[in-house]
Structure formats: structure tokens, C-alpha cells
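The primary structure of each chain is shown beneath.
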Amino acid sequence: MARESIRNKVTITEIARQAGVSVPTVSRVVNGRSDVSPETRARIEDLLRHHGYQRKPNAPGDRAALIDLVFNDLDSPWAVEIIRGVEEVAHASGVGTVVSAIHGASGSARQWMTNLRARASDGVILVTSVLEPRLHDELRRLGVPLVVVDPAGSPALDMPTVGATNWAGGMAATEHLLGLGHRRIGFIAGPPRLLCSRARLDGYRAALEGAGIAVDDALIVPGDFYHSAGFDGCNTLLDLEEPPTALFASSDQMALGAIEALRRRGLRVPEDLSVVGFDDLPEVRWSAPPLTTVRQPLADMGKLATRTVLRLALGEEPASPRIELATELVVRASTAPLA
């Protein structure tokens, strides 16, 4: 009798640990859902029978599958592109999406974790954000799979990541300007905590060094991917004793901010300064002039991250733990040969 009592108290978390799968995967089997591979289902069913797990007919019932999509901030057009990609795959898979912003604050992140536990999310996609180690450990304990898009720092070995070829994109943008005859090329950087920012800067440096041009640190100014940083950074570069003839901003928003700074000074793009951005947001096709930029496949990154987290939620291995999608230089009217 005592043995039977102990067996009835086994938790889904313990079943998941013994089966080597996530808690949501066990929950799917308990709730009779079909989206679990036959081999995984059989393994879980064997453990449920072994432990005498008692299914409760009314709890939690046919709970809708959910994934959490978490940003540091949501006030950027590129966030919309990632959301679009995530939602397309999630919707086709019959999975709901909960979008959150943690604003880089530990209190906000802890509140998000409380909400995630309450809704029993099937997986998490984290975009350019960092979770406190304690919260990351809590996700592991709950068996909730995590995929990171554009990791802020070096990710854990067990954390699949999705990104873009930022180094190659930074190099392609700079080589394009070099090919037009420019030799003094300004660079407005992104947040240094992000791997993608550092990779774009490294690509810029590599292109200059490959052309035999010494990197001038005075031509590199800090930024944060937003319009105001591009505006301020461009003004800083224009105030140099020998200003650049071309500018590479490591985001489209900063490139547009730089173009506004030029306009207010009565300067023209590309006649007075060639400008290149990074992202290829929809709006830059309609800027004046249309912006030359490096296309980052943001929606595709969202799609791939969603497919990966859903695969992990089924107890399957990701196709690859580290995936980088190709970037592509898109030449428009904001760049021209050096006069």
C-alpha cells in the first residue's frame, strides 16, 4: 500500500528526466496529443505505467501548445520581421505564440519566468537577450527547450542558436564601398555586448586590411542599432578634420538616422557621402534615396528558430546546434563611386 502511494506521487518532471525528454513532451503524451514520435511516446508510456501515474481526466485537458518569443525590446522594425517568421511556422503547426519583452531588467525577466511556469509553455525563443543563470537553470529544470536568435554572448553548449553571417555581411558592405573608390569609410557600430555587432565590425576591419588600408579608430563610432545613434554618430564623423567619404552603419535604422543628419547639414546621399546599412528592412526600399544594405534574413531566422524549438519539444535533436543563414548585399541608390 505504501509502495502504491509513493508511485502515485511521481511527477511529470521526474518522468521527463527519466525519459530524457522535456516536460511538455510528457504532457503531450499524458493529454493524448498526437505530435510525439512513436518511439518517444512508447518510452514515456512505459515509464508512466511503471510508476503507476494516474491521468486526471479534467486536468489540464486539451491545453493548446504554446511557445514563448522573448525580446529585450520590441521597439524595432526588425523585431516585427522575426515575429512574422515565428508566427508563420507556429500557426502552421497549430501552436500559439506569446510575445514578451524583458527590457534587460532582472525583475522583468523573473516576472516573465513566473508567467511562463503558469502557462506551461512548450518552448522558448530568446532574441538578442540574456537570461540570468538562475532563470536559465530553471528552464532546464522544467525541461523547457530554449533556442537563441542572435546570442548576446557565447551561448552554452546545450543551447541551439540561429544567426546570420554577420562577419561576411560586414565585409561585403565594406568591400562594396572600397570597390567604388572610397578609402575613408566611417563605421557606426552596434552594441558591443552582441556577437552580431562584433562580427560586423570585424568584417569591416577585415575588408580594410585586405585592401591594404590601415584601420583608423577615429572612423569607428559607437551605436545601439537605433535612429538616434546613427544621427549622432554621423555628426561625429562629419566633424572630423578629415571626414569620411562613405559610411557603413551596422543597422538600417542607424543608416536612416545618418541620412537625416546629412540632410540637416545640406549634404546629399550619395553625391556627398555614400551610405550602407544592414538588415534590409522593408522601409529602406522607400527611403530617399533607396538604401544600399546587407540583407539579413530575419523572417527566415524566426522560422528556423521555431522549427528548432518545436523539434526539441518533441524530444528530437536539432538538425544543427549552430546555424547561420547567409546575408546578401543589396545595392540601391545610396552608394556611388567616389567623385
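That block above? That's the structure.
As the structure is a computational prediction, the values presented were derived from the model and not from experiment.

(A) Examining the side chain of serine 121 more closely. Here serine 121 lies in the loop between helix H6 (106-119) and strand S3 (123-127). There is a polar contact of 3.0 Å between the side chain of serine 121 and the side chain of aspartate 68. A distance of 3.1 Å separates the side chain of serine 121 from the backbone oxygen of glycine 123, its partner in a polar contact. Discounting chain neighbours no more than four positions away, the residues touching serine 121 are Pro24, Leu66, Ile67, Asp68, Leu116 and Val144.

(B) Local environment of unusual backbone geometry. With an omega of 10°, the peptide bond between valine 269 and proline 270 qualifies as cis. Residue proline 289 is reached from alanine 288 by a cis peptide bond, and omega for that bond is -5°. You will see that aspartate 150, though not glycine, has its phi angle at about 50°, which is positive. Looking at the element boundaries, aspartate 150 is found in the loop between strand S4 (146-149) and strand S5 (161-164). Non-glycine residue phenylalanine 225 carries a positive phi angle of around 85°. Of note, phenylalanine 225 is situated in the loop between strand S7 (220-221) and helix H10 (227-238). Using a relative accessible area of 9% as the deciding quantity, one classes phenylalanine 225 as buried.

(C) Main features of the sheet that holds strand S8 (residues 246-249). Here we have 6 strands laid out as an open sheet, ordered S7-S6-S8-S9-S10-S12, and mixed in their pairing. Of all the strands in the sheet, just S7 and strand S12 (328-330) have a single pairing partner and so form its edges. The pairing of strand S9 (residues 274-279) with strand S10 (residues 292-295) spans 4 bridges and is parallel. Looking at S10, one finds that glycine 277 is bridged to threonine 293. Packing against the sheet, H10 makes contact with strand S6 (185-188), S7 and S8, and its axis sits at approximately 145° to S6. Lying on the sheet, helix H11 (residues 252-264) is in contact with S6, S8, S9 and S10; it crosses S9 at an angle near 155°.

(D) Structural view of helix H8 (residues 166-179). Here H8 contains 14 residues, and its C-alpha end-to-end distance of 20 Å stays within 8% of the 20 Å for a straight helix at 1.5 Å per residue. A positive backbone phi angle near 100° is found at glycine 181, which sits one or two residues after H8.

(E) Focus on the sheet that holds S3. As summarised here, the arrangement of the 6 strands in space is S2-S1-S3-S4-S5-S11, forming an open sheet in which the pairing is parallel. In this open sheet, the two strands that pair with only one neighbour each are strand S2 (96-101) and strand S11 (322-325). Neighbour-to-neighbour, the strand axes of this sheet turn through a mean angle of 20°, independent of strand direction. Here strand S1 (residues 66-71) pairs with S3 via 5 bridges, running parallel. The residue of S3 that forms the bridge with leucine 69 is isoleucine 125.

Scoring rules and cut-offs
Residues numbered from 1 in each chain as written. Predicted model: local features only at pLDDT ≥ 70, side-chain atom pairs only at ≥ 80, totals over all residues. Heavy atoms only, no water. Helix = DSSP H or I, 4+ residues; strand = E, 2+ residues; numbered from the N terminus. Polar contact = N/O pair within 3.5 Å; in protein donor to acceptor, adjacent residues only side chain to side chain. Contact = heavy atoms within 4.5 Å. Buried < 20%, exposed > 50% of the residue type's maximum accessible area, 1.4 Å probe, protein only. Pairing = 2+ DSSP bridges. Axes fitted to C-alpha atoms, helices over the stretch in contact; angles between N-to-C directions. Expected span 1.5 Å × (residues − 1).

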